[in-house]
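# A structural walkthrough
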Amino acid sequence: MKNALLTATLAAAVLGTIGGTISTASADSIPGMRGHDHTGVTVPDMKQAVDFFTEVVGCKKAMSFGPFADNKGTFMQDLLGVDPKAVIEEITLVRCGYGSNIELFKYTAPDQRDLQARNSDIGGFHIAFYVDDIAAAKAYFDEKGVKTRMGLLPVTEGPAAGQSILYFQAPWGLQLEAISYPNGMAYEKDAETVLWSPKTPEK
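The model shown is predicted, which means the values in this text are computed figures rather than measured ones. (Residues numbered from 1 in each chain as written. Predicted model: local features only at pLDDT ≥ 70, side-chain atom pairs only at ≥ 80, totals over all residues. Heavy atoms only, no water.)

### Notes on helix H2 (residues 46-57)
The end-to-end C-alpha distance of H2 is 15 Å, a good match for the 16 Å that 12 residues give at a rise of 1.5 Å each. Among all positions in H2, only Met46, Ala49, Val50, Phe52, Phe53 and Val56 are buried. Of the residues flanking the end of H2, it is Gly58, one or two places downstream, whose phi is positive at about 105 degrees. (Helix = DSSP H or I, 4+ residues; strand = E, 2+ residues; numbered from the N terminus. Expected span 1.5 Å × (residues − 1). Buried < 20%, exposed > 50% of the residue type's maximum accessible area, 1.4 Å probe, protein only.)

### As for the pattern of salt bridges
Overall, the coordinates contain 4 salt bridges when judged by the stated rule. Between Arg118 and Asp121 there is a salt bridge; the shortest N-O distance is 3.1 Å. For Arg118, a relative accessible area of 54% puts it in the exposed group. (Salt bridge = Lys/Arg side-chain N within 4 Å of Asp/Glu carboxyl O.)

### Considering the layout of surface pockets
The volume enclosed by the second largest pocket comes to roughly 910 Å³. Lining the second largest pocket we find 30 residues, and of these Thr42, Arg113, Asp114, Leu115 and Gln116 sit closest to its centre. Looking at the lining of the second largest pocket, the elements with two or more residues in it are strand S1 (38-42) and strand S4 (101-108). Residues belonging to the lining of the second largest pocket are distributed by class as follows: 13 nonpolar, 10 polar and 7 charged. (1 Å grid on protein atoms, 1.4 Å probe; cavity = no way out; pocket = protein on both sides within 12 Å on 5 of 7 lines; lining within 4 Å. Points joined across faces, edges and corners; volume = space filled by probe spheres on them. Nonpolar A, V, L, I, M, F, W, Y, C, P; charged D, E, K, R; others polar.)

### Observations concerning the nonpolar core
Ranked by size, the top nonpolar core spans 26 residues in total, and within it Phe52, Phe53, Ile102, Leu104, Phe129 and Leu176 carry the most contacts. Put simply, the parts of the chain that give this core at least two residues each are H2, S4, strand S5 (127-130), helix H4 (134-144), strand S8 (164-169) and strand S9 (175-180). Considering every element that reaches this core, the biggest residue donor is H2, with 6 residues. Beyond its immediate chain neighbours, meaning those up to four positions away, Phe53 contacts Gly58, Cys59, Val94, Ile102, Leu104, Phe129, Trp172, Leu174 and Leu176. Counting residues in each nonpolar core, the second largest holds 9 residues, with Phe68, Met76, Ile88 and Tyr107 among its members. (Core = buried A, V, L, I, M, F, W, Y, C linked by side-chain atoms within 4.5 Å. Contact = heavy atoms within 4.5 Å.)

### Focus: the confidence of the model for the protein
Residue-level pLDDT values for the protein average 89, and 87% of them are 70 or greater. Low pLDDT (under 50) marks residues 14-25, which in the prediction has 18 contacts with non-local residues, meaning those over four places away or in another chain. (pLDDT = per-residue confidence, 0-100.)

### Some details on the environment of Gly73
Note on placement: Gly73 falls in the loop between strand S2 (60-65) and helix H3 (75-80). Taking the relative accessible area as the measure of exposure, Gly73 reaches 24% and is therefore partly exposed.

So this is what it looks like as C-alpha cells:
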C-alpha cells in the first residue's frame, strides 16, 4: 500500500496531470496534448535555486514536497531511470509570469554527476523568459551581479528578425535567456503557425 501510494504521488509530480475536458488531439499527437506544463531542473542547492528564481527572476513559489526514495527495491530506477538508491530530497515548483512552470529537484544519488552542460552539448538546454525591454533586463542583471554573456543582440535578418536576446546564468551554471520581440518577428507575416508567446498568452 505504501509503495503504491509512493508510486502514484511521485508519478503525478513528475509526469503532471491533465484536468478538465480534453480536446481532441490532432493526428500524430499525444492524445489530449494541451501544451507545455513544466520544465524540470535538478539543482545543487534548493534554497539557492528558489531564491534565484523568486528574488531575481521574479517567479512565485507554488509548492514543495518530498522526499522520495525506495531503499528496498528499484522503484526510482523503474519510474525515473535513475540509480535505484537515488533520493529526491525535495521538489519545488515555481510559476513564472505568463508561461509554464519550472519544477526544481534536489537529488542525491550514488552515481550523481555535475554536468554543467554547455548549450552546444547534446542534452544541453536553456530556459528563456520574455521581457518587455532587453536593455532594462541587462541593467537589472548588472545591478544584481548576475552573470550575462554577450548582448544585447538584436536580430535584424531572417525569420527571427525583430527579436533581441541576452543570455544569462544562474549561480550554479544553469543557462537562461531573456528574449524580447515587442513588434513581433518577421516570420509571423506569412506563417501558418505562430509561436505561443507569454506577451499574448491568450493567443
